[in-house]
Amino acid sequence: MTHDNSPLHVIRDLLWTILLVNYEILRSIFKWFIPNKRKDVRGEVVLITGTGHGMGREMALRFARLGAKVVCVDINPQSNEETYNMITSELGYAFKYVCDVTDRAAVMALAEKVRKDVGDVDILVNNAGIMPCKPFLQQTEKEIRLMMDINVNANIWLIQAFLPAMVERNHGHIVAMSSMAGLMGLRNLVPYCGSKYAVRGIMESLAIELRSEPRDTSGIKFTTICPYIVNTGLCKKPRIRFQSLMKVIEAGDAADIIVDAVLRDLLEITIPTRLYYSNRFGYRLLPLTAAAIFLDFFDTGVEAHDD
Ligand SMILES: NC(=O)c1ccc[n+]([C@@H]2O[C@H](COP(=O)([O-])OP(=O)(O)OC[C@H]3O[C@@H](n4cnc5c(N)ncnc54)[C@H](O)[C@@H]3O)[C@@H](O)[C@H]2O)c1
């Protein structure tokens, strides 16, 4: 992009920018009070990774109940088959594929197969993830590399596999599972926090990059989900001082919130939702030393454990 930097043009650009920024702020405030209506996903192809367990399974069931064609992807054939059977026994529409999402070639082959068997993917949910949980210096190279491959690189491979068709049709939605650990630093989770911050970075920068595509990409939506502690077994030893304030959420309840956020095209949410504002307007505005003292008071997080 080239700019005319003569004083008159700079003043004109600045005034126009201020106008647009104010418009977007007002639009966000309006959307906060009156969110988008839930979109219709009947007949849409929804591909979810990690459907063999936890939130992936629960999301798959919910999208199928909404009439979507759900493509279930997991490394574990048995548990993925269970999810597939649960959907089809409710007369839902499902497909199942075994894929290790860390394997880029396997992901590209999966995309080709899904396109032939089911059609273009409308909603991609990058959900598969793992969480080694112990002090930083005790985490092994193998654990860390595997976690980065699943939590970060797999997101990139899947987006590279399915985004081109979305851009082609100017239609699609990419959903990523970050975490509250992607919004704040937590002990025993140093590499995991890094992976979940990375997920948010990938989603944000991709949305920014697509804005400057020469063709219209406004039909492609992004949703990043930041759950706190969800009862799936991933977080084996949660530590919560104020149970009523930050209780562990059931996977089905989390999936209800996630699906609702996707249907309303929300950009980023936390689960529970109120943590978004306490993080953004509380924790993030404080110096880190002060925020850490608040964390000590709330004393929530996860204890170290071996798998
Ligand atoms: N559970 C929580 O408390 C919590 C909190 C914040 C964020 N998250 C994130 O939400 C997502 C889902 O978490 P969950 O608790 O439902 O997980 P889960 O452990 O219940 O299920 C994860 C699924 O991913 C599959 N999987 C793992 N490696 C894979 C691979 N290489 N290829 C394909 N599939 C693979 C597993 O087989 C499993 O079925 C993860 O990204 C996680 O980091 C979870």
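Residues numbered from 1 in each chain as written. Predicted model: local features only at pLDDT ≥ 70, side-chain atom pairs only at ≥ 80, totals over all residues. Heavy atoms only, no water.

- Per an unreviewed UniProt entry, the protein goes by Short-chain dehydrogenase/reductase 3 and derives from Parnassius mnemosyne.
- Per UniProt, the protein has the following entry under Subcellular location (unreviewed entry): "Membrane". (UniProt positions renumbered as here; feature names shortened; annotations may be inferred.)

### Looking at the site of the ligand
Argument step 1. Every one of the 26 residues lining the ligand counts as a neighbour, but His53, Asp74, Asn127, Tyr192 and Thr232 are closest to it.
Argument step 2. Here an oxygen atom of the ligand sits 2.7 Å away from a polar atom, N or O, in the side chain of Tyr192.
Argument step 3. Residue Val230 places a main-chain N or O atom 2.8 Å away from an oxygen atom belonging to the ligand.
Argument step 4. When the ligand is considered free in solution it has 830 Å² of accessible area, and contact with the protein chains removes 92% of it.
Argument step 5. Those elements that place two or more of their residues in the shell around the ligand are α2 (54-65) and α6 (190-211).
Argument step 6. For the shell around the ligand, a count of residues per class yields 13 nonpolar, 10 polar and 3 charged. (Near = heavy atom within 4 Å. Polar contact = N/O pair within 3.5 Å; in protein donor to acceptor, adjacent residues only side chain to side chain. Areas by Shrake-Rupley, 256 points an atom, 1.4 Å probe, with all protein chains shown as cover. Helix = DSSP H or I, 4+ residues; strand = E, 2+ residues; numbered from the N terminus. Nonpolar A, V, L, I, M, F, W, Y, C, P; charged D, E, K, R; others polar.)

### A word on helix α3 (residues 77-89)
Argument step 1. For α3, with 13 residues, the first-to-last C-alpha span of 18 Å sits near the 18 Å given by 1.5 Å per residue.
Argument step 2. Those residues of α3 lying buried are Ser79, Asn80, Thr83 and Ile87. Within α3, the buried residues cover an arc of 105 degrees as seen down the axis, which keeps them to one side. Seen from the buried face of α3, the exposed residues on the opposite side, beyond 90 degrees, are Gln78 and Ser89. (Expected span 1.5 Å × (residues − 1). Buried < 20%, exposed > 50% of the residue type's maximum accessible area, 1.4 Å probe, protein only. Arc of directions from axis to C-beta.)

### Considerations on the sheet that holds strand β2 (residues 69-74)
Argument step 1. Ordered by their spatial adjacency, 7 strands build an open sheet running β3-β2-β1-β4-β5-β6-β10, and the pairing between neighbours is parallel. Looking at which strands have only one partner, the edges of the open sheet turn out to be β3 (93-98) and β10 (268-271). For this sheet the average axis-to-axis angle between neighbouring strands, irrespective of direction, equals 15 degrees.
Argument step 2. The pairing of strand β1 (residues 45-49) with strand β4 (residues 123-126) spans 3 bridges and is parallel. Bridge pairing in β4 links Ile48 to Val125.
Argument step 3. Seen against the sheet, α3 touches β2 and β3 and runs at an angle of roughly 175 degrees to β3.
Argument step 4. Across the sheet, helix α4 (residues 104-117) is in contact with β1, β2 and β3; its angle to β3 comes to roughly 155 degrees. (Pairing = 2+ DSSP bridges. Axes fitted to C-alpha atoms, helices over the stretch in contact; angles between N-to-C directions. Contact = heavy atoms within 4.5 Å.)

### Overview of the pairing of strand β6 (residues 220-227)
Argument step 1. Of all 8 residues in β6, 7 are buried; the element is thus mostly enclosed.
Argument step 2. The β-α-β motif built from strand β5 (residues 172-177), the intervening α6 and the parallel element β6 has right-handed crossover chirality.
Argument step 3. Pairing of β6 with β10, which is carried by 4 bridges, proceeds in the parallel orientation. Looking at the pairing, Thr224 lines up with Glu268 of β10. (Right-handed = clockwise from strand over helix to strand, strands pointing away.)

### What to know about the packing of helix α5 (residues 141-169) against α6
Argument step 1. One can describe the packing of α5 onto α6 by two numbers: an axis separation of 9 Å at closest approach and a directional angle of 15 degrees. Taken as axis vectors, α5 and α6 run roughly parallel relative to one another. Handedness of the crossing formed by α5 with α6: right-handed. Contacts between α5 and α6 involve Ile144, Met147, Met148, Asn151, Val152, Asn155, Ile156, Ile159, Leu163 and Val167 from the first element and Pro191, Tyr192, Gly194, Ser195, Lys196, Ala198, Val199, Ile202, Leu206 and Leu210 from the second. (Parallel < 35°, antiparallel > 145°, perpendicular 65-115°, else oblique. Left-handed = near helix turned anticlockwise from the far one by under 90°.)

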